[in-house]
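# Commentary on secondary and tertiary structure
What follows is each chain in one-letter form.
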Amino acid sequence: MKIWIRFNLSLTLLLATSISTSLGDDWPQWRGGDFKSVSDESGIPTEFNKSKNIVFRIPLPGPAGSSPIVHGTNLFLTSVKDDRLVLMCFSTAGELRWESEFKKLNKNSRDGGNSASPSPCTDGVYVWAMMGTGELACYTVDGDLIWRKDLQKEYGKFDIQFGMTTTPVLDNGNLYIQLMHGNMRNSKPSIGQVIALDATSGNEIWEVTRETDGTHENKHSYASPVIYRDGSQEMLITHGADYVISHSLENGQELWRCGGFNLKGPSYNRFLRLVSSPACGDNLIVVPTAKRGPVLGLKPGLKGDVTLKEDAYHWKLAKGTPDVATPVIYDGFVYLAGENGDLTILDSATGRLTYRERLTADKQRATPVAVDGKVYIAGRRGVVVVIESGPDGKILAKNDLGEEITASPAVAEGRIYIRSFDALYAFGKK
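Residues numbered from 1 in each chain as written. Predicted model: local features only at pLDDT ≥ 70, side-chain atom pairs only at ≥ 80, totals over all residues. Heavy atoms only, no water.

## Looking at the sheet that holds strand S15 (residues 226–229)
This is how it is decided: A pair of strands is considered paired only if DSSP assigns at least 2 bridges between the two. Only DSSP runs of H or I with at least four residues qualify as helices, and only runs of E with at least two residues qualify as strands; both kinds are numbered from the N terminus onward.
Here we have five strands laid out as an open sheet, ordered S15-S16-S17-S18-S22, and mixed in their pairing. Whereas interior strands pair on both sides, the edge strands pair on one side only; in this sheet they are S15 and strand S22 (304–305). Two elements, strand S16 (residues 234–240) and strand S17 (residues 243–247), share five bridges in a ladder whose sense is antiparallel. Bridge pairing links Thr238 to Ile245 in S17.

Now the structure itself:
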């Protein structure tokens, strides 16, 4: 019997590592299976509220900025529950299947933030969840714990003002994590870490230091890594400490870096910490910054420090970056949801500004999602604006849920899932 159990587990682990995170119509991690916040679903409702086009509303035990993920009939999300941190599994019928509690207690930060900020990810066999406390755990989708580890014990105590919010990336059986933090009160240069773990065992594959000349609060990055992939190349992109940096997936080696959006010298901004993450499209990496600063449209196939190399850029936008929400590239345009409620649309090939208007008098913390010729943009106070994709930003609907939202929506099987501070909503097909 023991021999059979070991063989069965090994076979299951092998199958798990071979499953692609982008199979079918699932949304297996933040930004979806291909990391682009784009779905090929159809029939997602444009108008919805607590009584219109609603499938269910599930009350949640506490607020969080982490996004829901969907695979098959399973919905996963992390949450605060009193002073505890939990991973919860619901069915797509809206029933709680299981929840698991983490060991460390929640720590709240400003403006509604807490330790349940990183989003989980799944391959349909296992589900992984990281908390801002540094706890990282792997479960079967039925709730059995496979492994658990404490990143602070293994890689050093976190020193970050508003908590470690970075979300791990799951790709081809590996988890990729960026850890950027440090003493914000001194001018010592930033030394971060980029880590690759075997997803099924939790064992380290590689770990590299990420050195930059960023200082003070800029050592703190709240952004998440992303993978760029096309027919000829693939790379991990990390963002923070005054630079966007490309790494080899195989060993973490730095391939190229780009800075220049926080000029050194007397005008250096010591508080230009980065929150918004890069976005990847066809032959394009869109790099946001912070505090209404620039946006860069970079080419992916670069080498070395390309900061001053004009041929490394497709385009540059001098001002207008989102501060928290990550850009979305869709149907030839780049969508930037600003901190003050404005929306900026750029031509993705040229960077030409085609639209900039204020959608709502509200902060926009959630990353938009694009589906079926529409872009869904959730405001902090609970208004989800739906625009027609394209250069003009035509507003199709404003849907007021009346509850705070900082989590990005998920789209799967004819539904859009929206997580507020109070509840998880499903709108669309019943």
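## Side note on the state of the cysteines
Going by this rule: To count as a disulfide, a pair of cysteine sulfur atoms needs to be within 2.5 Å. Exposure classes here rest on a 1.4 Å probe applied to the protein chains alone. A residue is buried below 20% of its type maximum, exposed above 50%, and partly exposed in between.
The tally for this structure, following the rule as stated, stands at zero disulfides. Take Cys89: it sits in no disulfide, and the sulfur closest to it among the cysteines is that of Cys138, at 14 Å. We note that Cys138 lacks a disulfide partner, and the nearest cysteine sulfur, in Cys121, lies 9.1 Å from it. Look at Cys138 and you get buried, because its relative accessible area is 0%.

## Observations regarding the sheet that holds strand S29 (residues 374–378)
Pairing is mixed in the open sheet, where five strands are placed in the order S1-S28-S29-S30-S31. Each edge of the sheet is formed by a strand with only one pairing partner; in this case those strands are strand S1 (38–39) and strand S31 (395–400). Pairing of strand S30 (residues 383–388) with S31, which is carried by five bridges, proceeds in the antiparallel orientation. Bridge pairing in S31 links Val384 to Asn399.

## Focus on the side chain of Ser39
For the record, the criterion: Any two residues whose heavy atoms approach within 4.5 Å at even a single point are treated as in contact.
Residue placement: Ser39 occurs in strand S1. Residues within four places of Ser39 in sequence aside, it is in contact with Trp27, Ala370, Val371, Asp372 and Val411.

## Quick look at the confidence of the model for the protein chain
As a general rule, the predicted coordinates of low-pLDDT regions are not to be interpreted in detail. The criterion, for reference: As a per-residue measure, pLDDT tells how confident the predictor is, with possible values from 0 to 100.
Per-residue pLDDT for the protein chain has a mean of 94; in total, 94% of the residues score no lower than 70. Here residues 1–24 is a poorly scored stretch, pLDDT under 50, and it has 20 contacts once near neighbours within four places are set aside; other chains count.

## A word on the nonpolar core
Applied cut-off: Nonpolar cores were defined as sets of buried Ala, Val, Leu, Ile, Met, Phe, Trp, Tyr and Cys residues, with membership established by side-chain atoms within 4.5 Å.
Counting residues in each nonpolar core, the largest one holds 34 residues, and the members touching the most others are Tyr376, Ile416, Tyr417, Ile418, Leu424 and Phe427. The element that contributes the greatest number of residues to this core is strand S34 (residues 423–428), accounting for five residues. Setting aside residues no more than four positions away along its own chain, Phe427 makes contact with Pro45, Phe48, Asn49, Lys52, Asn53, Ile54, Val55, Leu401, Gly414, Arg415, Ile416 and Ile418. The next biggest cluster of nonpolar side chains, apart from the first, holds 30 residues, and it includes Val169, Tyr176, Met235 and Ile237.

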